[in-house]
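# Observations on the three-dimensional arrangement
Letter by letter, the chains look like this.
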Amino acid sequence: MIEANFLEYSAHQLEQLSGRIAVCLGTLSEEQIWLRSGENANAVGNLVLHLSGNVRQWIASGVGGKPDTRMREREFAARAGITSDELKDRLSMVVAEACSIIRTLPPDRLAEKVSIQGHDVTVLEAIYHVVEHFSGHTGQIIFQAKAISQTDFGFYSYLGTQTTRKP
């Protein structure tokens, strides 16, 4: 039971976070998607490419057994040339594939050992890593998109309707 909850929650989180990234991409111009604050910083576009590569490598390949075709250096080297719609589509397809793998995973595979990026981890650890990693970079993307667009995306606006308890 807990295994099924973990798998469903993991897939749900990836879908929710991917949706938030799509909202952010929809508010930025092509120039803003590739804007860097410095040479050692990543643009929103780079982070989306990086998440797409990471999810595909860790879940589709590492857990799902598909070939590992990732070229990580290219994710950070890109400076333009990929549109907002292309980034959204790429991320959406990768997340949909990963969620399908996660949701259909037999729970007894969670303890299975796999080797990904030179790391020997369990399937559970691989999924947990991907959700945590995806969440962290989603936060960066939201922060950058808010700063650039001066937009409040309202992801937590429902919290304003609740009463706050004092400690």
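For the structure, see preceding data.
Please read these numbers as outputs of a predicted model, since none were measured by experiment.

### Remarks on the overall build of the chain
Regarding its fold elements, the chain presents 6 helices and 2 strands. The N-to-C order of helical and strand elements in the chain reads α-α-α-α-α-β-β-α. Its C-alpha atoms put the chain at 45 × 45 × 25 Å along the principal axes. When each of the 167 residues of the chain is scored for burial, the buried share is 42%. Within the chain, contacts between residues at least 6 apart in sequence are counted, and of these 74% link residues at least 24 apart. Counting every atom, the chain has about 9500 Å² of accessible surface; 54% of that belongs to carbon and sulfur. Charged side chains in the chain number 16 positive and 19 negative. The centres of these two groups are separated by 4 Å.

### Focus on the side chain of threonine 138
Tracing the sequence through the fold places threonine 138 in helix α6 (residues 123-149). Here the side chain of threonine 138 touches phenylalanine 134 through a polar contact of 2.7 Å, landing on its backbone oxygen. In this view, threonine 138 contacts Leu17, Ile21 and Leu51; residues no more than four positions away in its chain are not counted.

### Some points on the side chain of histidine 137
Inspection of the secondary structure assignment puts histidine 137 in helix α6. Its relative accessible area of 16% is what places histidine 137 among the buried residues. Not counting residues within four places of it along the chain, the set of residues in contact with histidine 137 comprises Leu47, His50 and Leu51.

### Remarks on the environment of asparagine 5
When you line up the elements, asparagine 5 lands in helix α1 (residues 2-27). Residues asparagine 5 and arginine 103, spaced 98 residues apart in sequence, show a C-alpha to C-alpha distance of 9.9 Å.

### Things to note about the packing of helix α3 (residues 44-63) against α6
Relative orientation of the contacting elements α3 and α6 amounts to 170°, with a least axis distance of 10 Å. Classed by the angle they form, the pair α3 and α6 counts as roughly antiparallel. On α6, the residues that touch Val44, Leu47, Val48, His50, Leu51, Asn54, Val55, Trp58, Ile59 and Val63 of α3 are Val123, Ala126, Ile127, His129, Val130, His133, Phe134, His137, Thr138, Gln140, Ile141 and Gln144. Here the residues of the contact of α3 with α6 are counted per class, giving 14 nonpolar, 8 polar and no charged.

Definitions and cut-offs
Residues numbered from 1 in each chain as written. Predicted model: local features only at pLDDT ≥ 70, side-chain atom pairs only at ≥ 80, totals over all residues. Heavy atoms only, no water. Helix = DSSP H or I, 4+ residues; strand = E, 2+ residues; numbered from the N terminus. Buried < 20%, exposed > 50% of the residue type's maximum accessible area, 1.4 Å probe, protein only. Contact = heavy atoms within 4.5 Å. Areas by Shrake-Rupley, 256 points an atom, 1.4 Å probe, with all protein chains shown as cover. Lys, Arg positive; Asp, Glu negative; His and termini not counted. Charge placed at Lys NZ, Arg CZ, Asp CG, Glu CD. Polar contact = N/O pair within 3.5 Å; in protein donor to acceptor, adjacent residues only side chain to side chain. Axes fitted to C-alpha atoms, helices over the stretch in contact; angles between N-to-C directions. Parallel < 35°, antiparallel > 145°, perpendicular 65-115°, else oblique. Nonpolar A, V, L, I, M, F, W, Y, C, P; charged D, E, K, R; others polar.

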